[in-house]
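# Residue-level structural notes
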Amino acid sequence: MFFRNLTLFRFPTSLDLEGLEDALATHPLKPVGPLELSSRGFVPALGRDSEAFCHRIGDAAWVAVGGEDRLLPAAVVNDMLARKLDEAEEREGRRPGGRARKRMKDELVHELLPRAFVRPSRTDALLDLKHGLCIVDTSSRKNAEAVVSALRQALGSFPALPANAEVAPRSVLTGWIAGEPLPEGLSLGEECELKDGNDTGAIVKCQRQDLGSEEITRHLEAGKQVTRLALVLDDHVSFVLGEDLVVRKLKFLDGAVDQLEGTDRDDLRAELDARFALMSAEVRRLFEILEPALKLSRVDA
């Protein structure tokens, strides 16, 4: 259940979330109705065999927003609409007007929706109560905002804002790759993205590349700046940090996963507990390094 992407929001550390479980329980995922396009709600963090919507270990809480979406491709609707328009034109001797076409399309959607396939989805989030962090497992700002919105609806008030840096992240990332000291615990990976400073010129993407090579140096000398940079934390976690402050391609390395060797693999609950505890500790360590390096803003109560 390790997260693969981290989109960060900050909320006041003074926020009282003791009633989180009860709040989530009043907003569960409901099956999408026959005439609905989608449905959203909270699902048990540990899966179907669990009843608790919030799983908490210490100051870390794990929540999940589930979804059901009816798949009704526009191409299918448009094709059937075209046929009905042809039939109407042949029958009436003229092509239906705009209002009639809209009405016919609405009727088609109403007819097709109950027969459309339903696609389930799930987006997990970690709430770090100590640091006032809501960390959503997605690289999509839209999906992350949807999770925060669901929390806000369930709690009545959830003053969370996207993580914001008081310095330009690309200048920090560029400095690291240009030879400035990295924060203790961080080392360079083998991937980066560089862009011309005016954002309208060349974009260079490097993978499996020595980031200290002359090739990279020449790009920097030409004025390009780093907008995404692969990093490694304590030989435990590798990831790509973007100037949008989204952490992508999060991967837990052997140095971290080895800590799970003592877990009872026959006890699913125990293994999930161990993985969640490990992940929350590593993510918290990462944030504690990035916060001063990027001067991440706090959210006041």
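Residues numbered from 1 in each chain as written. Predicted model: local features only at pLDDT ≥ 70, side-chain atom pairs only at ≥ 80, totals over all residues. Heavy atoms only, no water.

## As for the overall build of the protein
- Helix and strand counts for the protein stand at 8 helices and 12 strands.
- For the C-alpha atoms alone, the extent of the protein along its principal axes is close to 75 × 50 × 40 Å.
- For the protein, with 301 residues in total, the buried portion stands at 45%.
- The long-range share in the protein, meaning contacts at least 24 apart out of those at least 6 apart in sequence, stands at 67%.
- Surface exposure of the protein reaches about 16,400 Å², of which carbon and sulfur atoms provide 47%.
- Mean positive and mean negative side-chain charge positions of the protein (41 and 51 charges, respectively) differ by 8 Å. (Helix = DSSP H or I, 4+ residues; strand = E, 2+ residues; numbered from the N terminus. Buried < 20%, exposed > 50% of the residue type's maximum accessible area, 1.4 Å probe, protein only. Contact = heavy atoms within 4.5 Å. Areas by Shrake-Rupley, 256 points an atom, 1.4 Å probe, with all protein chains shown as cover. Lys, Arg positive; Asp, Glu negative; His and termini not counted. Charge placed at Lys NZ, Arg CZ, Asp CG, Glu CD.)

## A closer look at the packing of aromatic side chains
- Counted according to the given criterion, the structure contains 3 aromatic pairs.
- Judged by centre distance (4.3 Å) and plane angle (25°), the ring pair of F2 and F252 falls under stacked. One end of the pair, F2, is in the segment before β1 (7–10); the other, F252, is in strand β12 (residues 247–252), and 250 residues separate them in sequence. Grouping residues by exposure puts F2 and F252 together as buried.
- Between the aromatic rings of W62 and F276, the centroid separation amounts to 5.4 Å while the plane-to-plane angle is 25°, which identifies the pairing as stacked. Within this pair, whereas W62 is found in strand β4 (residues 60–71), its partner F276 is found in helix α8 (residues 268–294), the two being separated by 214 residues in sequence.
- According to the relative accessible area criterion, W62 is buried, its value standing at 2%.
- By relative accessible area, which is 0% here, F276 ends up buried. (Phe/Tyr/Trp six-rings, centres within 6.5 Å; stacked < 30°, edge-to-face > 60°.)

## Re the packing of helix α2 (residues 74–92) against helix α3 (residues 98–112)
- Taken N-terminus to C-terminus, the directions of α2 and α3 make an angle of 130°; their axes are 10 Å apart at the nearest point. Classified by the interaxial angle, the pair formed by α2 and α3 is oblique. Note that α2 runs across α3; the crossing there is right-handed. Between α2 and α3, the contacting residues are V77, N78, M80, L81, K84 and L85 on the first element and R101, M104, K105, L108, V109 and L112 on the second.
- Classifying every residue of the contact of α2 with α3 by side-chain character gives 8 nonpolar, 1 polar and 3 charged. (Axes fitted to C-alpha atoms, helices over the stretch in contact; angles between N-to-C directions. Parallel < 35°, antiparallel > 145°, perpendicular 65-115°, else oblique. Left-handed = near helix turned anticlockwise from the far one by under 90°. Nonpolar A, V, L, I, M, F, W, Y, C, P; charged D, E, K, R; others polar.)

## Considering the nonpolar core
- Judged by nonpolar contacts, the single largest core of 49 residues is most densely connected at L6, L229 and F239.
- Of the residues forming this core, the biggest block, 10 residues, is contributed by α8.
- Excluding its chain neighbours within four sequence positions, the residues that come into contact with F239 are L186, L229, A230, L231, L233, V247, R248, K249, L250 and L286. (Core = buried A, V, L, I, M, F, W, Y, C linked by side-chain atoms within 4.5 Å.)

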